[in-house]
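Residues per chain are reported as follows:
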Amino acid sequence: MKTKLLTISIAVFIVTLLSSCASLPNSTTEKISNRQVEFALTQHNTVPVVFENGLGGRMEWWKKVLSEISKDTTTFAYNRPGYGESDSVLTPRDGSHIVDELRLLLRSEGLTPPYILVGHSLGGLYMQLFARRYPDEVSALILVDSTHPKQLDGEGAIEKQSFWVRGIIGALVTGTAKEEFNLLPQTGEQVLSLPTLLNKPVFVLSASQPMEEKSKLADDANEKRKDIARLYPNAKQIWVDSGHVIPLEKPESVVSVIREVLTSKH
């Protein structure tokens, strides 16, 4: 049975395989704040576009998008602590810590706000928190089949999943990814405790193929997929003929929205 959580788990496995053979232009590893951080930075005279990865994902996830955007746009992609060559940290892996680490990292590399924030899956939840917590530092928010703040509520709750699905999650979501996953409800609460983002462009790219799935869990996940756009007044929701992994399946849809935002800033 196809489910939202199963899709996320399989995506973790896929991105691990891809990361072992893919690389990004201008990628480097530097010691920042006494820890190694792996990132890819291109600089042009534009608003910085900042990418956040999904659960278990690495920055190579954005390779197809960055190959187009980084030609003439300032872009920043990185690996969160515990992924790739980025050192692990002892702080909790909830959204508040992750957002503040990213914010410090951007400033350490001379990237000043406002930023165009682009987040896929769980990375979308982190970018929602960044945007709500620091709205003056945001130029636009682009959510790519983002995790909902209440993704694991209701039918999405782990205890409601089958033994088989829970086994797959346990096998594939390990290490830092497991820490982030376990704190996902806390991150969602952090998002919803803050006012929504107003007077800034918000684009919600949603995968349309999972909408064809029919089960209690699928119905719940798809309702949350719709509800993300409702969380942001005047958000523009775009349905993409893709599965959950839009950056790999339909990278042109992400490129198009980023281009639209950049053009509107001129």
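The notes below deal with the structure included here. (Residues numbered from 1 in each chain as written. Predicted model: local features only at pLDDT ≥ 70, side-chain atom pairs only at ≥ 80, totals over all residues. Heavy atoms only, no water.)

### Here we look at helix α8 (residues 216-230)
Consideration 1: Helix length check: α8 (15 residues) gives 21 Å between terminal C-alpha atoms against 21 Å at 1.5 Å per residue, within 8%.
Consideration 2: All of the buried residues in α8 are L217, A218, D220, A221, N222, K224, R225, I228 and A229. (Helix = DSSP H or I, 4+ residues; strand = E, 2+ residues; numbered from the N terminus. Expected span 1.5 Å × (residues − 1). Buried < 20%, exposed > 50% of the residue type's maximum accessible area, 1.4 Å probe, protein only.)

### Let's talk about the sheet that holds strand β8 (residues 236-240)
Sheets are built from strands that pair by backbone hydrogen bonding, the pairs being arranged parallel or antiparallel.
Consideration 1: Spatially, β1-β2-β4-β3-β5-β6-β7-β8 is the arrangement adopted by the 8 strands of the open sheet, whose pairing is mixed. The open sheet has two edge strands with one neighbour each: β1 (27-32) and β8. Taken pair by pair, the neighbouring strands of this sheet meet at an average axis angle of 25°, ignoring direction.
Consideration 2: The pairing of β1 with strand β2 (residues 35-42) spans 6 bridges and is antiparallel. Across the sheet, residue E30 finds its bridge partner in β2, namely V37.
Consideration 3: Of the strands in this sheet, β3 (49-52), β5 (115-120) and β6 (138-144) touch helix α4 (residues 122-133), which is tilted by about 150° from β5.
Consideration 4: Against the sheet, α8 makes contact with β6, β7 (202-207) and β8, and its axis sits at roughly 150° relative to β8, the strand it touches most. (Pairing = 2+ DSSP bridges. Axes fitted to C-alpha atoms, helices over the stretch in contact; angles between N-to-C directions. Contact = heavy atoms within 4.5 Å.)

### Some details on the environment of L106
Consideration 1: Structurally, L106 can be placed in helix α3 (residues 95-108).
Consideration 2: Judged by relative accessible area, L106 falls into the buried class, the value being 0%.
Consideration 3: A sequence separation of 43 residues divides L106 from P149, and the C-alpha atoms of the two residues are 24 Å apart.
Consideration 4: Beyond its immediate sequence surroundings of up to four residues, L106 is in contact with V50, F76, L111, Y115 and F130.

### Quick word on the packing of α4 against helix α7 (residues 184-192)
Consideration 1: Following both chains from N to C, one finds α4 and α7 inclined at 30°, their axes separated by 9 Å at the closest point. In this view, α4 runs roughly parallel relative to α7, as classed from their interaxial angle. Crossing handedness for the pair α4 and α7: left-handed. Each of L122, L125, Y126, Q128, L129 and R132 in α4 lies in contact with α7, whose residues at this interface are L184, T187, G188, Q190, V191 and L192. (Parallel < 35°, antiparallel > 145°, perpendicular 65-115°, else oblique. Left-handed = near helix turned anticlockwise from the far one by under 90°.)

### Regarding the packing of aromatic side chains
Consideration 1: This structure, assessed with the given rule, holds 5 aromatic pairs.
Consideration 2: Their ring planes at 85° and their centres at 6.2 Å tell us that Y115 and F130 sit as a pair that is edge-to-face. Here Y115 is found in strand β5, whereas its partner F130 is found in helix α4, with 15 residues between them in sequence.
Consideration 3: Look at F130 and Y134: their rings are 5.9 Å apart centre to centre, the planes differ by 70°, and that puts the pair in the edge-to-face class. Across this residue pair, the class does not change: F130 and Y134 are buried.
Consideration 4: Put simply, the rings of F39, F76 and Y78 touch in pairs and so form one group of aromatic residues. (Phe/Tyr/Trp six-rings, centres within 6.5 Å; stacked < 30°, edge-to-face > 60°.)

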